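Listed below, chain by chain, are the residues.
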Amino acid sequence: MITFISGGARSGKSSIAEADVLSRTSNAVYIASSRYTDEEMSERIRHHRRTRSDCFTTVEAGFRVKEALAGMEEEAAGVLDCLTVWLSEALFTEKLDEQKIMKEATAWVDIIEKRRLYVTIVSNDVNEAGLPSNDSVYFYVHILEKLHRFFIQHAENVIQVRAGFPKVWKGGIGQ
């Protein structure tokens, strides 16, 4: 089962995702796609670690989300944070094209369904300020929105967070 949570930067989406997963289990997995790339990212990672419940086992997967999902116990619950950082890694470090990125996303869904996992996927809304003029950024936003639509199609719950308040578009929190 997939819950998809999106929202702006620092909107509170990770906290809501964590609370949602912990409402289902007291032993959850936190799949982190972030890497220590600079001081700002390092501080964000430290902040998430400080505020995250001890009930989570953290897997620092970086790009290797598929392997992290496959390593979860059957019927386990977890948070995948965050899709936007993973996509940056896929496009700019791994040099994947759109087809390979969508193939990777399909593999995630297959693993989640086969292993009967409950995974909350966290992502950023980056398209609300209008379309970017830079070709690389435009392509990034295009692929991100395609991924959003893909995961929303497969999700039982879809939530958007603004200023810490969840807006449920499909399903609900803790369902």
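Structure shown above.
Quantities reported herein were computed from a predicted structural model and do not represent experimental measurements. (Residues numbered from 1 in each chain as written. Predicted model: local features only at pLDDT ≥ 70, side-chain atom pairs only at ≥ 80, totals over all residues. Heavy atoms only, no water.)

Trainee: Any chance you could explain helix α5 (residues 98-114) here in plain terms?
Mentor: Helical periodicity: at 3.6 residues per turn, an α-helix aligns residues three or four positions apart in one direction. Taking 1.5 Å as the rise per residue, α5 with 17 residues should run 24 Å; its terminal C-alpha atoms sit 24 Å apart, in good agreement. Regarding α5, the residues found buried are I101, M102, E104, A105, A107, W108, V109, I111 and I112. Looking at the buried positions of α5, the neighbouring elements they touch are β1 (2-7), α3 (65-70), β4 (77-81), α4 (83-93), β5 (118-124) and α6 (135-154). At the C-terminal side of α5, R116 shows a positive phi close to 55°. (Helix = DSSP H or I, 4+ residues; strand = E, 2+ residues; numbered from the N terminus. Expected span 1.5 Å × (residues − 1). Buried < 20%, exposed > 50% of the residue type's maximum accessible area, 1.4 Å probe, protein only. Contact = heavy atoms within 4.5 Å.)

Trainee: How should the sheet that holds strand β2 (residues 28-32) be read in this particular structure?
Mentor: Where strands meet in a sheet, backbone hydrogen bonds hold them as pairs that are either parallel or antiparallel. What the 7 strands build is an open sheet, ordered β3-β2-β4-β5-β1-β6-β7; its pairing is mixed. Looking along the sheet, the strands with just one partner apiece sit at the ends: β3 (56-60) and β7 (165-170). Going across the sheet, the axis of each strand differs from the next one's by a mean of 20°, ignoring polarity. Contacting β1 and β5, α4 crosses the sheet at an angle of about 75° to β5. Set on the sheet, α6 makes contact with β1, β5, β6 (157-162) and β7; between it and β5 the angle comes to about 155°. (Pairing = 2+ DSSP bridges. Axes fitted to C-alpha atoms, helices over the stretch in contact; angles between N-to-C directions.)

Trainee: Please explain the pattern of salt bridges as it appears in this structure.
Mentor: Pairing of side chains with opposite charge becomes possible as their charged atoms draw close. With the rule as written, the count across this model stands at 5 salt bridges. Among the ionic pairs, E98 bridges to K146, the shortest N-O distance being 2.6 Å. Taken together, the positions of E98 in helix α5 and K146 in helix α6 put the pair 48 residues apart, joining distant regions of the chain. Here the residues in one salt-bridge network are E74, E75 and R116, joined through shared partners. (Salt bridge = Lys/Arg side-chain N within 4 Å of Asp/Glu carboxyl O.)

Trainee: Would you mind showing me how to read the pairing of β7 here?
Mentor: Residues in a regular strand project their side chains so that they alternate between the two faces of the sheet. Note that β6 and β7 share 5 bridges and pair antiparallel. For V161, the partnering residue across the bridge sits in β7 and is P166. From the end of β6 to the start of β7, which pair antiparallel, there are 2 residues, and A163 there has a positive phi angle of about 50°.

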